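Next come the chains, spelled out residue by residue.
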Amino acid sequence: QRLEELGGDACQRLLASMSLLSSQIDVAVGEALQLQALEAEQEREELELSKPVSPTSKALAHEVDAAVETAETQVERLHEQLSALDGVATRVREMEEQLSAGDAWRQRLEVFV
């Protein structure tokens with residue numbers, strides 16, 4: 001009130017500046033609270049990651065490691081699968097040869113027809 005009595009224009013500028021300062025303080029407080037919440041969440045995540053692995057997790061990791069094939073085992077397994085298909089490939093090749101021979105005979109017969 002005293003300021004309003006002293007000068008209208010200067011008082012209005014001072015009140016506007018004080019209002020702006022108050023708003024900026026509110027924003028800063030809000031950002032500080034948000035930052036604290038983020039830091040607390042990050043600390044919780046770091047604490048969770050630093051917990052020791054449970055025995056069941058260790059056992060599961062061991063089972064996964066055991067289930068992973070070594071290169072040698074994988075080569076042996078694939079060789080067994082492919083060797084079983086060798087007979088099929090041989091039979092397909094024989095049939096292709098027979099068909100090719102039949103085509104040659106058909107072409108010879110077409111010459112006479």
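Residues numbered from 1 in each chain as written. Predicted model: local features only at pLDDT ≥ 70, side-chain atom pairs only at ≥ 80, totals over all residues. Heavy atoms only, no water.

Colleague: Looking at this structure, how should I read the overall build of the protein chain?
Modeller: What the protein chain contains, in helices and strands, is four helices and zero strands. Scanning the protein chain from its N terminus toward the C terminus, one meets helices and strands in the order α-α-α-α. (Helix = DSSP H or I, 4+ residues; strand = E, 2+ residues; numbered from the N terminus.)

Colleague: What exactly am I supposed to notice about the confidence of the model for the protein chain here?
Modeller: Close reading of the predicted structure is inappropriate where its pLDDT is low. Looking at the protein chain as a whole, the pLDDT averages 78, with 78% of positions reaching at least 70. Taken element by element, the protein chain is modelled with least confidence in helix H1 (residues 2-6), mean pLDDT 57, and with most confidence in helix H2 (residues 8-49), mean pLDDT 86. (pLDDT = per-residue confidence, 0-100.)

Colleague: Just to check I follow, could you spell out the pattern of salt bridges for this structure?
Modeller: Oppositely charged side chains can form a pair if their charged atoms are brought close together. Summed over all chains, the structure comprises one salt bridge. Here Arg91 ties to Glu94 by a salt bridge, and the two come within 3.6 Å at their closest N and O atoms. With a gap of three residues between them, Arg91 and Glu94 both fall in helix H4 (residues 71-112), about one helical turn apart. (Salt bridge = Lys/Arg side-chain N within 4 Å of Asp/Glu carboxyl O.)

Colleague: Hey, could you run me through a negative patch on the surface in this one?
Modeller: On the surface, Glu39, Glu41, Glu43, Glu45 and Glu46 cluster together into a negatively charged patch. For Glu45, the location among the structural elements is in helix H2. (Patch = residues over 30% accessible without salt bridge, like charges linked within 9 Å, V, L, I, M, F, W, Y side chains within 5 Å. Areas by Shrake-Rupley, 256 points an atom, 1.4 Å probe, with all protein chains shown as cover. Lys, Arg positive; Asp, Glu negative; His and termini not counted. Charge placed at Lys NZ, Arg CZ, Asp CG, Glu CD.)

Colleague: Can you help me understand a nonpolar patch on the surface in this one?
Modeller: On the surface, Leu21, Ile25, Val29 and Leu33 cluster together to form a nonpolar patch covering roughly 370 Å² of accessible area. Mapped onto the elements, Leu21 comes out in helix H2.

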